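Structural description and commentary
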There are 2 protein chains.
Amino acid sequence: MGAIGIVGGVGPSAGTDLASKVFKHTRAEKDQDHIDLYLTSCPSIIPDRTGFLLEGGDDPAPGITACLEKLALCGATAAGIGCNTAHSPEILKSVKIPGGMTFLNMIEETCREVALLSEEDRKTKIGLLGTLGTIRTGIYQQYFDNYPDLELIVPQGDICEAVHDCIYNKKYGIKALSGVSKKADSVIRNAVDWLADRGCRAVILGCTELPLVFEGEDTYHGVILSDPTDILAKALIRATAPEKLI
Amino acid sequence: MGAIGIVGGVGPSAGTDLASKVFKHTRAEKDQDHIDLYLTSCPSIIPDRTGFLLEGGDDPAPGITACLEKLALCGATAAGIGCNTAHSPEILKSVKIPGGMTFLNMIEETCREVALLSEEDRKTKIGLLGTLGTIRTGIYQQYFDNYPDLELIVPQGDICEAVHDCIYNKKYGIKALSGVSKKADSVIRNAVDWLADRGCRAVILGCTELPLVFEGEDTYHGVILSDPTDILAKALIRATAPEKLI
């Protein structure tokens, strides 16, 4: 049986969120049934991803590589990062994967999962919500380019900014409250409705805060809700102890 | 600045709970302000603690030592374990702390914190709630023996078993529900009242599930609620980047 590695710290809570989702999807009646897992949370060596992509800041790739090496040293055989922006091809191209370790790409895993919804006779529309960083850097679009049967729909202008605000606003934002305000709940559900009205079969909740709005819900108004962290957690189990996946 | 190490996996959620409490108590406006942290979650090599203490099972000490070595290899300078039972002196006596690493003992830190409540002219009563494993192995009493000003009060018989049941029961237990049922809430609050009636100034919530009952509450009916995981999280920050402690 292999062991799971998580590059956390980007941000810190996204790392523990990914670990918790691994535990949740593991068939375990007692502690000892769980898969061995290692987490590095080293924000000191991983500069801001959006800052690098949009503002010429330092490259986070060397720090991510250093974390993967530490995880390999511990014994991790399959690793992932629970941060959407870190998956920009411009960052990942310089990340070195240690020998003997499988790196699971969260966005590729998400694309593969939503591609299962593909219809035969037309493009399948998939919506995306996320921070302005994730949207403006076009990360998901770069991965969707490999899936000609899928069309990525991203809310523009006001809706996009309102969703970002619901994550970051110091008064009613999910990060500040460590919870979901009524305002954030309503803005984000309206954004899913906007995507549903445009024919999306699924909406990718492309920021670790967004799944908190829909806890316990797999769909909203008939649209499938895809949580990339959840998808990556399941992929990590599949890569290390597939018989334990629930 | 040092880095934090967490021996998790005992159980898995207790490890991420401790990490989350470190993040919560860190003064940070952005990801990069957080302290570097490493977590090992290796239940495969750490046998059940209560099983070792009460039923002649395998010793968890070698596995804990192996995890501390991995954490030291990553760069951790101060480490702790978010599991009450693992702190039994019978287990810790065989755990080897790697050179250059400080081991913070969660129960010692908790004793030191509640000892601040000591009154001059009489013994200060401190209550304890926990699983039957924590209570029957007498772990807290062994540490309290070093604090002659403190008297540890532990509910006996029915109350003790009812609290254990609220943690482990497959229908209404906190572990099974990943949340607090009405029944668990009422039984555990009644147990705190029982300790308050016996003159306890503080109650130690000596199991990682119990603080979930009192989220956002520092006291209940005038009794101070002490969460050992929270106390250990703050001690880990103090040992690595004290200026960041909030």
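Residues numbered from 1 in each chain as written. Chains lettered and ligands numbered in written order. Predicted model: local features only at pLDDT ≥ 70, side-chain atom pairs only at ≥ 80, totals over all residues. Heavy atoms only, no water.

1. With respect to the domain arrangement of chain A
Residue and element names in this part refer to chain A.
- Its domain assignment divides chain A into domain 1 (4-105 + 230-244) and domain 2 (107-228).
- Listed by partner, the interface residues are 20 residues for domain 1 and 20 residues for domain 2.
- Approximately 1,600 Å² of surface area, both sides summed, lies buried where domain 1 meets domain 2, with 54% of it carried by carbon and sulfur atoms.
- When the buried area of domain 1 at its contact with domain 2 is split by residue, Asn84, Asn105 and Ile231 rank highest and sum to 44% of it.
- Summed over the shared surface of domain 1 and domain 2, the number is one salt bridge.
- For Asp227, the salt bridge is made with Lys21, and the minimal N-O distance between the two is 2.7 Å.
- Between domain 1 and domain 2 we count 13 residue pairs in polar contact (both at pLDDT 80 or more) in total.
- Elements with a minimum of two residues in the side of domain 1 that touches domain 2: α1 (12-24), α2 (49-55), α4 (89-92) and α11 (228-240).
- Per-element tally for the side of domain 1 that touches domain 2: the top contributor is α11, with five residues. (Domains from an automatic or database assignment. Contact = heavy atoms within 4.5 Å. Buried area = accessible area lost by both parts, 1.4 Å probe. Salt bridge = Lys/Arg side-chain N within 4 Å of Asp/Glu carboxyl O. Polar contact = N/O pair within 3.5 Å; in protein donor to acceptor, adjacent residues only side chain to side chain. Helix = DSSP H or I, 4+ residues; strand = E, 2+ residues; numbered from the N terminus.)

2. Some remarks on the interface of chain A and chain B
- Facing the 29 residues of chain A at the interface are 29 residues of chain B.
- Counting the surface lost from both chain A and chain B, the interface buries some 2,400 Å², and carbon and sulfur atoms represent 56% of this.
- When the area that chain A buries against chain B is broken down by residue, the three leading residues are A:Phe23, A:Asp31 and A:Gln32, summing to 22%.
- Where chain A packs against chain B, one counts two salt bridges.
- With a closest N to O distance of 3.0 Å, B:Asp31 and A:Arg49 form a salt bridge.
- If you look at where chain A meets chain B, you find 13 residue pairs in polar contact (both at pLDDT 80 or more).
- Contributing elements (two or more residues each) for the side of chain A that touches chain B: α1, β2 (37-41) and α3 (61-74) of chain A.
- Looking at the side of chain A that touches chain B element by element, the count peaks at six residues for α1(A).
- Among the residues making up the side of chain A that touches chain B, the classes are represented as 14 nonpolar, ten polar and five charged.
- Across five bridges, the pairing between β2(A) and strand β2 (residues 37-41) of chain B is antiparallel. (Nonpolar A, V, L, I, M, F, W, Y, C, P; charged D, E, K, R; others polar. Pairing = 2+ DSSP bridges.)

3. Thoughts on the state of the cysteines
- Taken as a whole, this structure holds zero disulfides over all chains when the rule is applied.
- Here A:Cys83 stays unpaired: no disulfide links it, and the sulfur of A:Cys207, its closest cysteine neighbor, is 9.1 Å away. (Disulfide = S-S within 2.5 Å.)

4. A look at the sheet that holds strand β6 (residues 150-153) of chain B
Residue and element names in this part refer to chain B.
- The strand order across the open sheet built from five strands is β6-β5-β7-β9-β8, with neighbouring strands paired in mixed fashion. At either end of the open sheet lies a strand with only one pairing partner, and these are β6 and β8 (219-220).
- With four bridges connecting them, strand β5 (residues 124-129) and strand β7 (residues 202-205) associate as parallel partners. In the strand pairing of β7, Leu129 is matched with Leu205.

5. Considerations on the pattern of salt bridges
Residues and elements named next belong to chain A.
- Applying the stated criterion across every chain yields a total of 22 salt bridges over all chains.
- Note that Arg189 and Glu217 form a salt bridge whose closest N and O atoms lie 2.8 Å from each other. With a gap of 28 residues between them, Arg189 in helix α10 (residues 182-197) and Glu217 in the loop between β7 (202-205) and β8 (219-220) connect regions that are remote in the sequence.
- A residue is classified by how much of its surface remains accessible, and Glu217, at 29% relative accessible area, is partly exposed.
- Here the salt bridges share partners, and the residues they tie into one network are Asp17, Lys21 and Asp227. (Buried < 20%, exposed > 50% of the residue type's maximum accessible area, 1.4 Å probe, protein only.)

6. Side note on the packing of α1(A) against helix α1 (residues 12-24) of chain B
- Relative orientation of the contacting elements α1(A) and α1(B) amounts to 165 degrees, with a least axis distance of 10 Å. Judged on the interaxial angle alone, α1(B) and α1(A) are roughly antiparallel. Once α1(A) is placed against α1(B), the crossing between them reads as left-handed. Across the interface between the two elements, A:Pro12, A:Ser13, A:Thr16, A:Ala19, A:Ser20 and A:Phe23 of α1(A) pack against B:Pro12, B:Ser13, B:Thr16, B:Ala19, B:Ser20 and B:Phe23 of α1(B). (Axes fitted to C-alpha atoms, helices over the stretch in contact; angles between N-to-C directions. Parallel < 35°, antiparallel > 145°, perpendicular 65-115°, else oblique. Left-handed = near helix turned anticlockwise from the far one by under 90°.)

7. Some points on the confidence of the model for chain A
- For chain A, the mean per-residue pLDDT works out to 94, and 100% of the residues sit at or above 70.
- Here the complex is predicted with pTM 0.94, and the ipTM for its interfaces comes to 0.94. (pLDDT = per-residue confidence, 0-100.)

8. Here's the deal with the packing of α1(B) against helix α11 (residues 228-240) of chain B
Residues and elements named next belong to chain B.
- Here α1 crosses α11 at 55 degrees, and the two axes come no closer than 8 Å. By the angle between their axes, α1 is oblique relative to α11. Crossing handedness for the pair α1 and α11: right-handed. Across from Asp17, Leu18, Lys21, Val22 and Lys24 in α1, the residues of α11 making contact are Thr229, Asp230, Leu232, Ala233, Leu236 and Ile237.

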